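So the chains spell out like this:
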Amino acid sequence: MAPPAGKRVKGVQIFRPFVYGTTARLFNDTDNPRPVGVPLDHTHSWQVFVKGVEDTDIFYWLRRVQFKLHESIPNHLRTIDAETIIKENETSTGGKSGKKPQKAFVVNETGWGEFEITIKLYYDSKSGEKPQTLYHHLRLHPYGRNEAEKEAMRTGGEVIAWTYEEQVFNEPFEEFYKILTSGARDKGAPAPGAGGKGKGKGKNAFTSATTGKDGDVKERSAMIPLTTRPGQPFSRETEEAELKRLREAEEKVHQMIASLNQAVKAKEEELATLKASNKAAATGTAA
Ligand code: SLL
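Residues numbered from 1 in each chain as written. Predicted model: local features only at pLDDT ≥ 70, side-chain atom pairs only at ≥ 80, totals over all residues. Heavy atoms only, no water.

**Quick look at the nonpolar core**
Generally speaking, soluble globular proteins have nonpolar side chains that are buried together. Of all hydrophobic cores here, the largest spans 36 residues; its most connected members are W46, V50, W61, F67, F105 and I119. Only β1 (13-26), β2 (44-52), β3 (62-68), α1 (82-92), β5 (105-111), β6 (116-123), β8 (159-170) and α3 (174-181) provide two or more residues apiece to this core. V53, V106, I224 and F234 belong to the second-largest nonpolar core, a separate cluster that totals seven residues. (Core = buried A, V, L, I, M, F, W, Y, C linked by side-chain atoms within 4.5 Å. Buried < 20%, exposed > 50% of the residue type's maximum accessible area, 1.4 Å probe, protein only. Helix = DSSP H or I, 4+ residues; strand = E, 2+ residues; numbered from the N terminus.)

**Some points on the pattern of salt bridges**
Considering all chains together, one arrives at 13 salt bridges under this definition. Measuring nitrogen to oxygen at the nearest pair gives 3.2 Å for the salt bridge that ties D31 to R25. On the basis of relative accessibility, which here comes to 26%, the residue R25 falls in the partly exposed class. E109 is paired through a salt bridge with R78; the nearest N and O atoms lie 2.8 Å apart. Here the residue E109 occupies a position in strand β5, and R78 occupies one in strand β4 (residues 77-81), the gap between them amounting to 31 residues. Each member of the pair E109 and R78 is classed as buried. (Salt bridge = Lys/Arg side-chain N within 4 Å of Asp/Glu carboxyl O.)

**A few points about the site of the ligand**
Near the ligand the following residues occur: H42, H70, S72, I73, P74, T110, G111, W112, G113, E114 and F115. In this structure, W112 approaches the ligand through a main-chain N or O atom, which is 2.9 Å from an oxygen atom. Across the complex, the protein chains shield 70% of the 450 Å² of accessible surface that the ligand would expose by itself. In terms of residue class, the shell around the ligand is built from four nonpolar, six polar and one charged. (Near = heavy atom within 4 Å. Polar contact = N/O pair within 3.5 Å; in protein donor to acceptor, adjacent residues only side chain to side chain. Areas by Shrake-Rupley, 256 points an atom, 1.4 Å probe, with all protein chains shown as cover. Nonpolar A, V, L, I, M, F, W, Y, C, P; charged D, E, K, R; others polar.)

**Concerning the packing of aromatic side chains**
Working definition: an aromatic ring pair is given by the centre-to-centre distance plus the angle between the planes. Throughout the structure, instances matching the rule amount to ten aromatic pairs. Taking 5.1 Å as the distance between ring centres and 80° as the angle between the ring planes, the aromatic pair formed by F59 and F105 counts as edge-to-face. Here F59, found in the loop between β2 and β3, pairs with F105, found in strand β5; they are 46 residues apart in sequence, far enough to count as distant. Note on F105: relative accessible area 0%, which makes it buried. Among the aromatic residues, ring-to-ring pairing joins F18, Y20, W61, Y123, F169 and F176 into one connected group. The ring of F49 is capped by K51, whose NZ or CZ atom sits 5.6 Å from the centre of that ring. Sitting above the plane of the Y143 ring, R139 keeps its charged end 3.9 Å from the centroid. (Phe/Tyr/Trp six-rings, centres within 6.5 Å; stacked < 30°, edge-to-face > 60°. Lys NZ or Arg CZ within 6 Å of the ring centre and 35° of its normal.)

**Some words on unusual backbone geometry**
Most peptide bonds take the trans configuration, and most residues that are not glycine carry a negative phi. Phi at E54 is positive, roughly 55°, even though this residue is not glycine. Locating E54 in the fold gives a position in the loop between β2 and β3. The exposure class of E54 is buried, given its relative accessible area of 4%. The phi torsion at N75 lies on the positive side, around 55°, for a residue other than glycine. One can find N75 in the loop between β3 and β4. Residue classification places N75 among the exposed residues on the basis of a relative accessible area of 56%.

**Re α1**
Spacing of three or four residues puts side chains on the same side of an α-helix, whose turn is 3.6 residues. Those residues of α1 that fall on the buried side of the exposure criterion are A82, I85 and N89. Angular distribution of buried residues about the axis of α1 spans 65°; they occupy a single face of the element. Of the exposed residues in α1, the ones pointing more than 90 degrees away from its buried face are K87, E90 and T91. On its buried side, α1 packs onto β3, β4 and β5. (Arc of directions from axis to C-beta. Contact = heavy atoms within 4.5 Å.)

**Considerations on the sheet that holds β6**
The four strands are arranged β4-β3-β6-β7 in an open sheet whose pairing can be described as antiparallel. Across the chains shown, the open sheet's two edge strands, defined by having one partner strand only, are β4 and β7 (132-137). In this sheet, neighbouring strand axes are inclined to one another by 20° on average, regardless of whether the strands run parallel or antiparallel. Running over the sheet, α1 touches β3 and β4 and is turned about 60° from β4. (Pairing = 2+ DSSP bridges. Axes fitted to C-alpha atoms, helices over the stretch in contact; angles between N-to-C directions.)

**Regarding the sheet that holds β5**
The sheet built from four strands is open, its strands ordered β5-β2-β1-β8 with antiparallel pairing. At either margin of the open sheet sits one strand with a lone partner, and together these are β5 and β8. With direction set aside, neighbouring strand axes in the sheet form an average angle of 15°.

Have a look at this one:
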C-alpha cells in the first residue's frame, strides 16, 4: 500500500475509545432455543464484536475487522467490511422499517467450547497504519473475581467478556487527522455535509472534551460516558470505581508490608536474643 500523501502532524496523538469482546448465552427452551439445523452438541449461542463506546460510529477510522475463530468452526476466517455494513444499513434501516443501523463489526455463532479469537483490525487507508491484532478469549461459562460476580452472570443469563480499549494514532497523516478530528457532534445528529439541510446544521460540531446532555458521548470524539448504563459498562464512573479499588488495594499492600516488616523485626530481635543466650551458654560451658 502506498504511503498516504502529505505530512504527519508532529507532536499530536489522537485516541479513539472502542470496545471488543464476546457475549454468550446457553441454549434453553424458553428464550434461547437451539435453532433448527444447529448440531445437537452445540450448547451456546455467542457473538464476538468490535464497536464504539455507546455504539458511536467507528467506521470512519476502522474499515475492516477479521475474526479468526477456532478451526473446528466452518469457514473460520470471517472478514467484515465497514463498507458492507454501511451499504446494508442504507437499504435495510430507517424509514418505516424502524430497524436500527448496525454499528458493530460482529459475528454470530453457536458452539460448545471456549477458545481464543484473533481479531485483526484494518484501518482507514488514509491512516497509513498497518493492521493490528488483538486476542480475546471467548467465554461461554459464568466467571468472576468472586462467587457473587459469577452468580450475577449466571442469573443474568449472559456471559459477558468485554474489554475497553483505546486506539492511539501517533502523529497521524494530515488527511487522516482531518478525518479523525472534524465532525464531532451529538449522537444522532447528521454528519456535517451528509444530508443535513441548510447551512447552520454543521454548527453542531463540537471539539470540547465535555460530554453532551445526560453525559452522552459525541460522535467522532474521544469521549466516554459519565455514567454507567445497561449494556454500557465503560464510563468515567467505572473508571473512578476502578481507581478507587486500586487505591484501596495499594493501601492494603502498604499495610501488609508494614506488618510484615514489624514481624521480621520481632523475629530478628528474637534471633538476636537467642544467639546471645546461646553464646552465653556456650561460653559458660567452655569456661
Ligand atoms: C476446547 N480447546 O476444547 C477448546 C476448543 C472448540 C470449540 C473449543 C465448534 C463449533 C462448530 C466449537 O464450538 N468449537 O462446530 O461450529 O474447549
